[in-house]
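Each chain, letter by letter, is given below.
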Amino acid sequence: EIEAVTGVQTCALPIYQVVHSSGHFTTLSEGQRTPADSIRLTDEQASAWARVMEGARNEGQETLRDSLLVFCIAVICHEFGSSRYSSPLLGFCAMQSVRPFTRTWKEPGNYNSFLSRLIWVAQLIIFYASASLEKAGDGNTLDLIKEYCSRFLQPETETPMSEILGWRLLLFTVSKEAVRSHQAE
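In this report, the structure presented in the accompanying data block is examined. (Residues numbered from 1 in each chain as written. Predicted model: local features only at pLDDT ≥ 70, side-chain atom pairs only at ≥ 80, totals over all residues. Heavy atoms only, no water.)

## Concerning the pattern of salt bridges
Thought 1: Taken as a whole and judged by the stated rule, the model has 2 salt bridges.
Thought 2: A salt bridge links Glu 54 to Arg 57; the shortest N-O distance between them is 3.6 Å. Of this pair, Glu 54 and Arg 57 both sit in helix 3 (residues 43-58), 3 residues apart, roughly one helical turn.
Thought 3: Judged by relative accessible area, Glu 54 falls into the partly exposed class, the value being 34%. (Salt bridge = Lys/Arg side-chain N within 4 Å of Asp/Glu carboxyl O. Helix = DSSP H or I, 4+ residues; strand = E, 2+ residues; numbered from the N terminus. Buried < 20%, exposed > 50% of the residue type's maximum accessible area, 1.4 Å probe, protein only.)

## Brief notes about the nonpolar core
Thought 1: Counting residues in hydrophobic clusters, the biggest one holds 35 residues, and the most contacted among them are Ile 73, Ile 76, Cys 93, Leu 115, Met 161 and Ile 164.
Thought 2: For this core, the elements supplying multiple residues, two or more each, are helix 3, helix 4 (61-76), helix 5 (88-96), helix 6 (108-135), helix 7 (141-152) and helix 8 (160-177).
Thought 3: Sort the elements by how many residues they give to this core and helix 6 lands first, with 10 residues. (Core = buried A, V, L, I, M, F, W, Y, C linked by side-chain atoms within 4.5 Å.)

## Points about the packing of aromatic side chains
Thought 1: Considering all chains together, one arrives at 3 aromatic pairs under this definition.
Thought 2: An angle of 55° between the planes, with centres 4.8 Å apart, marks the rings of Trp 49 and Phe 71 as tilted. Taken together, the residues Trp 49 in helix 3 and Phe 71 in helix 4 connect sequence positions 22 residues apart.
Thought 3: Judged by its relative accessible area of 7%, Trp 49 is buried.
Thought 4: Measuring from centroid to centroid gives 5.7 Å for Tyr 111 and Phe 114, while their planes differ by 25°, and the two rings are stacked. In this pair, Tyr 111 and Phe 114 both sit in helix 6, 3 residues apart, roughly one turn of the helix.
Thought 5: Each member of the aromatic cluster is reached from another via a ring pair, and the members are Phe 92, Tyr 111 and Phe 114. (Phe/Tyr/Trp six-rings, centres within 6.5 Å; stacked < 30°, edge-to-face > 60°.)

## Brief notes about the packing of helix 4 against helix 6
Thought 1: Packing of helix 4 against helix 6 leaves a shortest axis separation of 10 Å and a crossing angle of 120°. The angle between the axes of helix 4 and helix 6 places the two elements in the oblique class. Note that helix 4 runs across helix 6; the crossing there is left-handed. The segment helix 4 lies against helix 6, with Arg 65, Leu 69, Cys 72, Ile 73 and Ile 76 engaging Ala 122, Ile 125, Ile 126, Tyr 128, Ala 129 and Ser 132.
Thought 2: Looking at the contact of helix 4 with helix 6, its residues break down into 9 nonpolar, 1 polar and 1 charged. (Axes fitted to C-alpha atoms, helices over the stretch in contact; angles between N-to-C directions. Parallel < 35°, antiparallel > 145°, perpendicular 65-115°, else oblique. Left-handed = near helix turned anticlockwise from the far one by under 90°. Contact = heavy atoms within 4.5 Å. Nonpolar A, V, L, I, M, F, W, Y, C, P; charged D, E, K, R; others polar.)

The structure is reproduced here in structure tokens:
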């Protein structure tokens, strides 16, 4: 549960900065885009985010945790169709692919490690949500996990997680083929 909560917090902060507050990200020149120009929450995600914000202001820790879980499931488990970069999860991944101070791409191996951790946290969240649903009498944990995975964690689906799985596979290939800095000397 601690890993899942840490992952949720890590992902929720940039989403808060993009979706809820304006002006956090700036550009160096006219015409450059910020994450807020691309990221769009679905109606379900926006509703879940509103409950998170309300829970943060007025509710107890348990209610906030439950609201964050619903929001994370909404972010992980949705189909994006043709507008893949409107996904807050993929926007978060894009922000993580760049070193902020040098404005250069992270090395494939380093970024791949981030994606692997993100996939692992998403799997933990799906497991936790499934177990919570079973505890509430809304299904069997294993059946719920199978349903989530078949719909949202398969490479052939148009979901944020399928995109991330594809990127990770590509980066494994690229990192094997890339010339290392010590080899170029």
